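# Architecture and fold: a report
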Amino acid sequence: MSANDRLLGVTVIGNCSANDWPDLPVQTLAAPLWGRATECMTEAWIGLAPAETRELSGVRFRSDGNVVYGVIEIDEAAFSGRGDETPLQAAAEDVYRRIFRLIDGEGYPYLWRLWNYMGAINADEHGLERYRQFNVGRQQAFEGCDRPAEGNVPAACALGVAAGPLSVAFLAGRTALVPLENPRQVSAYHYPSEYGPRSPLFSRAGLARLPEQELFFISGTASIVGHRTVHPGDVTAQTRETFANISALLAEAEKASRSAPYSLRELSYRAYVRHADDFERVARVVEEIVGPEANVVYVQADICRSDLLVEIEAMGSHRIKR
Ligand code: 3EB
């Protein structure tokens, strides 16, 4: 069994074309990378057993008996002019409905983690910011597919890139995610309506169980305390506040985990930075807090609130204690 058989899919980040992987689920994050020797990099999901590629209603996916990873990318233009829904809202609802149909049909009914990328996330269109349109469509799909819209919801991130399709990657399993919330923050699914007509739908973090291994997902995390953005205009302070939030999630994980405690140093991070001028400032704080060996991919992307300058997500994995 080669590692290639066990590949579940890849994320291609940077300015490059993704077609080195013609047969895999590929999520393209077409956004500038920072601090690397190359303009483009690939991250891979590797399963525990051989997998095969399949496709169902436009979703390409692979599963290894424990998890399914899939990617769906769609052009919103196909949804223009449907009733009073905006194209992005209708596209988001359609994507999520297709994901639910697929994971239910394949027997991996528990969504663990989603990566949502879309063009111009902060632009106003049809009288509503595009991220807020996305939230409406996402929530309609959860409700339409009889999924809880709060509490037991997946970890996620949602970012904007310059242009391109709505791109959603998902990881789902056969066991329920243990969702975690952050005591410093109002749960996103309880944000007040000043952030849009329908709330974002994700948990702050989650623990997922494989046969001998636990996965720890930290959703996109930003400089939000309660439900408000703090330190507008100050990327250094926003990065510090983001780590205060991530540290709070580590403490929550420790209560629910079946493994040894997770530490900041061992996690893998992806840092989304709005302005290229700020990369250095963000990296300085990251290295101060996580250490000089920090495993971080820095990407330029738009955060879903205009006043947020940075958002950081993370992942870890431990053996489960017997
Ligand atoms: C926040 O805390 C920042 O809509 O799926 C972070 C993670 C954010 C996920 C999503 C949004 C999402 O509200 C934004």
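See the structure above.
Below you will find a few notes about this structure. Nothing here was measured: the structure is a model prediction, and the numbers come from that model.

Rules and cut-offs
Residues numbered from 1 in each chain as written. Predicted model: local features only at pLDDT ≥ 70, side-chain atom pairs only at ≥ 80, totals over all residues. Heavy atoms only, no water. Helix = DSSP H or I, 4+ residues; strand = E, 2+ residues; numbered from the N terminus. Buried < 20%, exposed > 50% of the residue type's maximum accessible area, 1.4 Å probe, protein only. Contact = heavy atoms within 4.5 Å. Near = heavy atom within 4 Å. Polar contact = N/O pair within 3.5 Å; in protein donor to acceptor, adjacent residues only side chain to side chain. Areas by Shrake-Rupley, 256 points an atom, 1.4 Å probe, with all protein chains shown as cover. 1 Å grid on protein atoms, 1.4 Å probe; cavity = no way out; pocket = protein on both sides within 12 Å on 5 of 7 lines; lining within 4 Å. Sits in = over half its atoms within 2 Å of the grid points. Expected span 1.5 Å × (residues − 1). Disulfide = S-S within 2.5 Å. Pairing = 2+ DSSP bridges. Axes fitted to C-alpha atoms, helices over the stretch in contact; angles between N-to-C directions.

## Quick word on the environment of His190
- Relative to the helices and strands, His190 resides in the loop between β13 (178-180) and β14 (205-209).
- For His190, a relative accessible area of 43% puts it in the partly exposed group.
- Separated by 117 residues in sequence, His190 and Glu73 have C-alpha atoms that sit 28 Å apart.
- Aside from chain neighbours lying at most four places away, what touches His190 is Glu150 and Ser199.

## Observations concerning the site of the ligand
- In the neighbourhood of the ligand, the contacting residues comprise Tyr131, Arg138, Ala156, Cys157, Ala158, Tyr191, Phe202, Arg204, Gly220, Ile224, Cys304 and Glu311.
- Contact between the ligand and Tyr131: an oxygen atom at 2.6 Å from a side-chain N or O atom of the residue.
- Between the ligand and Arg138 there is a distance of 2.7 Å, counted from an oxygen atom to a side-chain nitrogen or oxygen.
- Expressed as a share of its isolated accessible area of 360 Å², the protein-covered part of the ligand is 99%.
- Here the ligand occupies the second largest pocket.
- Secondary-structure elements contributing two or more residues to the shell around the ligand are α2 (130-144) and β11 (155-161).

## Digging into unusual backbone geometry
- Even without a glycine there, the phi angle at Ser57 is positive, about 35°.
- Structurally, Ser57 can be placed in the loop between β5 (52-56) and β6 (59-63).
- For His231, which is not glycine, the phi torsion reads 60° and is therefore positive.
- Among the secondary structure elements, His231 is positioned in the loop between β17 (228-229) and α3 (235-256).

## Quick word on helix α1 (residues 87-106)
- The end-to-end C-alpha separation of α1 is 28 Å, in line with the 28 Å expected for 20 residues at 1.5 Å each.
- Counting buried positions over the 20 residues of α1 gives 15, a clear majority of the element.
- Just beyond α1, the residue with positive phi is Gly107, at close to 85°.

## What about the state of the cysteines?
- This model, assessed by the stated rule, comprises one disulfide.
- At a sulfur-sulfur separation of 1.9 Å, the disulfide partner of Cys16 is Cys40. Of note, the bridge from Cys16 to Cys40 carries an S-S torsion of about 60° and is right-handed in sense. With Cys16 in the loop between β1 (7-14) and β2 (26-29) and Cys40 in strand β4 (residues 40-46), this residue pair connects regions lying 24 residues apart in the sequence.
- What makes Cys16 partly exposed here is its relative accessible area of 28%.

## Overview of the pairing of strand β12 (residues 166-173)
- Among the eight residues in β12, eight count as buried, and that is most of the element.
- Taking every second residue as pointing to the same face, both faces of β12 are buried, with Leu166, Val168, Phe170 and Ala172 on one and Ser167, Ala169, Leu171 and Gly173 on the other.
- As defined by bridge partners, strand β7 (residues 67-74) adjoins β12 across eight bridges and the pair is classed as antiparallel. If you follow Glu73 over to β12, its bridge partner there is Ser167.
- Pairing of strand β8 (residues 110-119) with β12 involves seven bridges; the strand directions are antiparallel.

## Examining the pairing of β1
- Among the eight residues in β1, eight count as buried, and that is most of the element.
- Taken together, the seven bridges between β1 and β4 define a ladder with antiparallel strand orientation. By the bridge assignment for β4, Leu7 is matched with Ile46.

## Overview of the sheet that holds β12
- Pairing is mixed in the open sheet, where six strands are placed in the order β5-β6-β7-β12-β8-β11. Strands at the two margins of the open sheet, each flanked by one partner only, are β5 and β11. Neighbouring strand axes in the sheet, compared pairwise and without regard to direction, differ in orientation by 15° on average.
- The sheet contacts of α2 involve β8, β11 and β12, and relative to β8 the element is tilted by about 150°.

## A short note on the sheet that holds β4
- Pairing is mixed in the open sheet, where three strands are placed in the order β2-β1-β4. In this open sheet, the two strands that pair with only one neighbour each are β2 and β4. Within the sheet, the average angular offset between the axes of one strand and its neighbour, ignoring direction, is 15°.

## Structural notes on the side chain of Thr229
- Tracing the backbone through its elements, the reader meets Thr229 in strand β17.
- A polar atom in the side chain of Thr229 sits 3.0 Å from the side chain of Asp307.
- Those residues in contact with Thr229 that lie beyond four places of it in its chain are Ser223, Ile224, Gln238, Arg305, Asp307 and Leu308.

Bear in mind that shape data such as this cannot, by itself, settle questions of function.
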